Structure formats: C-alpha cells, structure tokens
Amino acid sequence: MALKLINANISTQVLTFKPGGSPASFEVSVVNDSNQFASFQLEIVAAGGSSNLGSNWYTISPAVSAKTPPGDSTKFSVTITDTPVVGFVGKMNVVARIFSLELRDEDRQLLRLMIEPGIGSVPMQVELPVRDFTDQPEALIEIPVRVFNPSQLPANVSLRFVGEAAKWMVDVERRLQVPAGQKVETTFFCQLPVPTETLSKTYPFTIEAAHPDSASSRSPEGIIKILPAGAIDFQCLPEKRQIPASRTWLPQLRANSATYLIEYENTSNLIQQGRVEVSNGDEEQRKCDIQIQPELVDLNPGETNQLELVVSQRRPWFGLVKKLSFIVQGIISDPRINVTNEKHLIKLTIYPVLHPWLQLLLGILLLYLLWAASWLNPNNPLFGHHLSVTSVQFNGVGDKAVSSSLDQSIIRWNVRGLTNPLINQHDATLAQKIGKSVRVVRYKPVNNDVVAAGLENGEIQLWDVIAGSKIPRATFSLNKDDRVFDLKFSASSHYLFSAHGSGEVLQWDIDDALLRSTTSLNQSVKINQPVRNKQFNFAISSMALVGKDKDHLVIGQRYNNLEVWNWKRDKSFKMPYKPAGSQQDYIVSLAGAEYNPNRLATADTQGRITLWDMQPCLENKGECAVIDQWPDGHGSKSVRSVALSGDGCYLASGGDDGRVMLWPLTKEGKRELPTGKPVRSAGYKFNSVDVKVVKKKILVLSGDDHKRVRLDILEPEKKSQCVQ
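Predicted model only: the values in this text are computed from it and were never measured.

Rules of the game
Residues numbered from 1 in each chain as written. Predicted model: local features only at pLDDT ≥ 70, side-chain atom pairs only at ≥ 80, totals over all residues. Heavy atoms only, no water. Helix = DSSP H or I, 4+ residues; strand = E, 2+ residues; numbered from the N terminus. Rg over C-alpha atoms; globule rule 2.2 N^0.38 Å. Areas by Shrake-Rupley, 256 points an atom, 1.4 Å probe, with all protein chains shown as cover. Lys, Arg positive; Asp, Glu negative; His and termini not counted. Charge placed at Lys NZ, Arg CZ, Asp CG, Glu CD. Disulfide = S-S within 2.5 Å. Buried < 20%, exposed > 50% of the residue type's maximum accessible area, 1.4 Å probe, protein only. Pairing = 2+ DSSP bridges. Axes fitted to C-alpha atoms, helices over the stretch in contact; angles between N-to-C directions. Polar contact = N/O pair within 3.5 Å; in protein donor to acceptor, adjacent residues only side chain to side chain. Contact = heavy atoms within 4.5 Å. Core = buried A, V, L, I, M, F, W, Y, C linked by side-chain atoms within 4.5 Å.

1. Description of the overall build of the chain
A tally of regular secondary structure across the chain gives three helices and 55 strands. Taken over the C-alpha trace, the chain has a radius of gyration of 55 Å; the compact-globule value for 724 residues is 27 Å, which it surpasses by more than 25%. Seen through its principal axes, the chain has C-alpha atoms that stretch 155 × 90 × 50 Å. Per element, the accessible surface of the chain, about 36300 Å² overall, is 49% carbon and sulfur. Positive and negative side-chain charges in the chain, numbering 79 and 75 respectively, have mean positions lying 10 Å apart.

This is how it looks when you write it as structure tokens:
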C-alpha cells in the first residue's frame, strides 16, 4: 500500500447555505506527512455544478499555502457565496480536493451541502440558438431567442435587443411569462433597409433579459453580417469635345484644353473611393497631357460626387485636323460591387492654329527657305568642305565615309545620302578649324570608332567617331612642320604609321594612346615619342601594307623610288621601278587589297598605273613581279590616287585630267578592259578615291578640288573573270 503523504481534515461534514443570505464557511486542515517542504492547494468540486460558474460560487484563503516543513500543518478557509447549481434546492455532495505539486499526491474530503430556498429571484438564462446571420439589404431576418427560468418561481421576463442594429428591429422589446424551471422561445424580427442606408459590415448584438427583484442577464453575443449590395453608376459627359470650343477659324493661341465632367453615384452600401484611368482609344495616337481633378473622390452610400477630366495638347501651327479618342474607365476601391457604365469612349477634335489655306501659302515659302538652307542647295555654305578635298575613305561596311580638306575639317558622310537627295549626306563634322590643313584621314580598321588625321604641320590627331568631341583624343608629333603625306594602321590597329615629307616613317602606339585618353577627361593626350622611326632617302608620298601578315610596308617616294620595309624585323629592300623618275617625279599613291595581300597598285605623277605581284619578293623567291602597267589611263596626266577593292577585283583611280576611272581586273590582276570604265568626268582634279563592293554593287568614292565628295554606284561586269 502506497504511503500517504498528505493528511487533510475538514471542520464539518454538513453545511447549510441559503442563496441571497449570509455566506457559509468551513475550514480544511492539511498536515505534511512527507519528509520535505511542500506547498498545498485546495479545489472545491460540486456534484452537478455548472462549468460556466467555475469557482465563482466560493472563495478560498489562502489560494496557495506557503511551503510547510515535514510534520507541520496549514489551514484553508472556504466561504460559499453562491449556489453551485442555479435554482437547486436540497442536498448536494461537495468534494474538497487537496493536492501538492511538489509531492505529487492529493487527498479528498467529502462535505454534504444543504441548499435552502433562496431569499431573492434567480437571473434568467438567455440563449441564442443561432448566433450568426448573413443577409443582404432589404431582407427580413428572424432571430430566435430561448429563455430558461432556473428558479422555483414563475417569472415575468422582459427581453430587449441591444446593439447598433436595434434601429432596424420591428420590436425592440418582448415580454414573456416563463414558468419555473422551464424554457420559452420567441423571435425578434430585423427588417434591413435599402443599401444606401445599410453599411456592409458586421453588427454585434445581445439579448438582455430582466425581471423584478433580480439582476439582468444577457445572451452570448450574436452578429448580423450585411453583404455588399447595390452598384456605382459612372458617367462621363459630354461624349465629344473640340479645341478650340468655338470659332475654329480664329488663331486662338491659348485654347489648348478641353474639359469633361465625370460623375460617380454610389447606390451601394459600401464606402468607396473613386478614381479614373484614361487610355488612348488608338494606340498610335499622340499622347496628351491628362489631368484629373481631384485624383480621388470619396463616395459615401447615397452620395453623388464629380471630377473634372482635362485633356490638354498644344496645338500645332500647321497640320490637319486631328481626331483623338480616349477610353475613360471608372475604378473603385472595393471591387465587391459592380460599376455600371464602367467604360466610356470620348472623342476630341483638335484644330491647328492656322487655317489650312494659310498653311499652304506658308508651306510653299517654308519649302523654299528649307531648300536654300539644306544640303540640296549646292551653294549652301553650311554643308560640306569649303576648300579642296584631300582624302576620302569608306568605313568597313561601306555605309559611312570620312573626308579631309585643306579647310582644316574632317567630315563623316552618310553614304546613302551621297546618291539620295532626300537623305542628308552630311552625317557629322568630326573636326573643324584644327589649326592646319588636313592632308590625309584614315579609319582605324578595328571597330572603325576612331579616325586618324595627318596635318600640314606634321601632327597626327586621333578623333572619336562615335562619341564626338571638340578636341582630339590624342595628338602625335615629333618634328614640327614635317608634313604628313600618308597614314596606315597595322592590321590589328595596335600601331599607326605616318609618312612625312622628310623621308621619315614613324611608328606610333595607338592602343597606349587611346588607353591614356580614357583617363584624361576633357584633355587631349600629347605624345612626342614614337615607338620607332625609320629614315628613307627621299620624301614619302604614300604607303601600303602587303603580305600575308601585313608586316611589310611598301613606301612610295620621290624619284619614283619604291622600298619595302619589314617593320617587325626592321629590314628593307628596294623594288625596281621603270622608268626611273626625275626630281619632279613621285609615286603619289599606293593601294593594297585587304583579302588579296600580295596585290599592290601604284600610281605616279607621269600618269602611269602599275599592278604588282608581291609574293616573289616577300618570300625571297625573286623580284616583285609587274602584272600590268599602262601609262595612258588619265591621258598621261598625273594620277593622284588609286584604290583596290577588298578582293582585288576592281581598281579605282583619279587624276589631274578631271576623271575618275574604274578598272575591272582579272583573277591574275590584269585589266579586263584596256581603256577601263569612266566613272565621273569634270573640269577639275580628283585628289582621292576609294572603292568597295557592297551587296554586289561597286561603290566608288571621290574627293576633288571643287570641294565636293561624290559617290558613284556601278554594276559589276557579268562576265568578270575575277572571283568575287
């Protein structure tokens, strides 16, 4: 048998209690029969007691005893203040449960409680069989109520509906006769009004029961939930407006807006906020300035509020009547109800400031002025060069070109505009008034994002083609006044070679210069020391890169002298050129073919054009071989410029005879036509040419003494023997 650690004793076995009279008390003594300190608690349980009352029908002092040493005792005082079972009269068993959390043991003592009839009435018990009611406005809600009389006497009970929804009750109060110990049911009726008078929300309520000589009681809380109902009516008036509103034939400069009235009417039971979204009726129409005043409008149930939609657009002086359309949509904050007429299509007609007939007259005058000021006017000083063009070159894809001039300018051209008068051929002025005449200009082969310009005073400048700038990114100069006659980039664009009148060829590091220029904001990098300089015997007028690796630089000089310099190994040798020239004779132009690296074209001041095969001399297998040579391509007058197409199938030349010629070549590099094809003829000299094949068209670019850059487009020979 387990050892009992708690020994309790109750002061009386029978206790009498009369509800409404004096409280009844008794004591419970507890002895700690354990071998440790322990605290004790007491709980009173009545047979048939209501769980709703809990411990509200008695009090205990103390609630928890202090820790008691072994063998010591403590006392609890219990006072009964109410009946544990409402309306009960007679004998009831009550159990006093004594327990200790430390000892994990308990003891129970039985008390017989004698409950006599009470002095006053007992409160009624009110129940709601249904607590939640959900319905829409204008509905009739039936609320059942059940009243229980727990006393021994019949009661005349008054029921009252308590809550915000009381204003909608058919009867707020009801009177009932409830027999002793019985239940009676009744029903309250709630008539919900129209939506504009009934906000959609939850309305809590209780039913209060009262009868004479007793405290009132209330039911548990119920709720009436009113669902959203009704709608929002949306209108936008008028449907059509025009700017100006009247007398459209007058030039009313300040008339630039039209106003539409937007109206919201809230016939729902929700508090709303309304706003407006406006979109173009036609996606391609021009956007207007649209203002909505105010942006948001509050809409209480039953209210009507308005907004103004102002559409503004500055009217053009010229043009036709414009007809615009807009979709106006009403947007509300709570989408649980519908918006009637949610979208409206409104129209706006906008008239120009000036009448169309007056526009026609002014248009004719304006066209004349535009022609006089445009690139279409050949005498317009705002476009093109003002002195002789010295150099021209296509970019890599043939859609742009650059040119230089004695007027100290560099211009980038739109190639399409050079043949189409409706397109501005003048793409950009890269440089102007840079101090000295520009002798030569060349694109940087990689990316074509930089051009190099050789100046009369011996300077070489690098200009940004993409971003544009008023100053060059870098300037190279070794000897002042040593005139630059030609420039050539290495195949990788790492180096730039410059040919000078002193007979010197300078090698410049372009990558280093461009890298340094990126860190020098708004300043041009000055470089006075080349990577290498190579001195030749005579003045140099032209250069060309040849060979498989483009590591040989052919140099054309005075006295018709030709030399080949391997700039990587710094070795050079002379090419035989016949006939030898005098002091007045120069090889003025050299040209290589990008994709035919062993082909070279030369031209001299005696009018002679020569085509070379460079492979034998570059591979040390013999002398450079002459493929073809003719002295009368330009009437024995000086040939100023030659250029080869990338595949080496076409040679273009320009000279002092005022002609530009195209020479189709065979696969071996000979002329297909002995007399060539005239491209352009004029009464002035052509100083520079370039040729490129683009989309099976031959483009020939030329610059002349008449300050003009011109483009000619030719069809290729159908029976050409050259592989394209």
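Having seen the structure, we can now continue with the description.
2. Regarding the state of the cysteines
Summed over the entire model, instances satisfying the criterion amount to one disulfide. Two residues, Cys 617 and Cys 624, share a disulfide whose sulfurs are 1.8 Å apart. Taking the torsion about the S-S bond as the criterion, the Cys 617 to Cys 624 disulfide, at about 100°, is right-handed. One exposure class covers both Cys 617 and Cys 624, and it is buried. Left unpaired, Cys 288 is separated from the closest cysteine sulfur, that of Cys 236, by 14 Å.

3. Regarding the sheet that holds strand β20 (residues 257-266)
Strand order across the open sheet formed by five strands is β22-β24-β20-β18-β26, with mixed pairing between neighbours. Unpaired on one side and paired on the other, β22 (289-293) and β26 (338-340) mark the two borders of the sheet. Between one strand axis and the next, the sheet turns by 25° as a mean value, whatever way the strands run. Where strand β18 (residues 231-237) and β26 come together, three bridges link them in parallel fashion. Each bridged residue has a counterpart across the sheet, and for Ala 231 the counterpart in β26 is Asn 338.

4. Quick look at the side chain of Ser 388
Summarising the element assignment, Ser 388 is placed in the loop between α1 (356-373) and β28 (389-394). A relative accessible area of 16% means that Ser 388 is categorised as buried. Side-chain polar atoms of Ser 388 contact the side chain of Asp 705, separated by 3.1 Å. Beyond its immediate stretch of four places on either side in the chain, Ser 388 contacts Ser 404, Ser 405, Leu 406, Asn 687, Asp 704, Asp 705 and Lys 707.

5. Topic: the nonpolar core
Among the nonpolar cores identified, the biggest contains 28 residues, and Phe 26, Val 28, Val 30, Leu 42 and Ile 44 are the most heavily contacted of them. Looking at this core, the elements that each hand over two or more residues are β1 (6-10), β2 (14-17), β3 (24-32), β4 (41-46), β6 (73-80), β7 (90-100) and β8 (105-115). For Phe 26, the contacting residues outside a window of four places in its chain are Ile 10, Ser 11, Thr 12, Leu 15, Ile 44, Phe 76, Ser 77, Val 78, Ile 80 and Leu 111. Core analysis: the next-biggest nonpolar cluster, separate from the first, contains 27 residues, Met 124, Val 145, Val 157 and Ala 165 among them.

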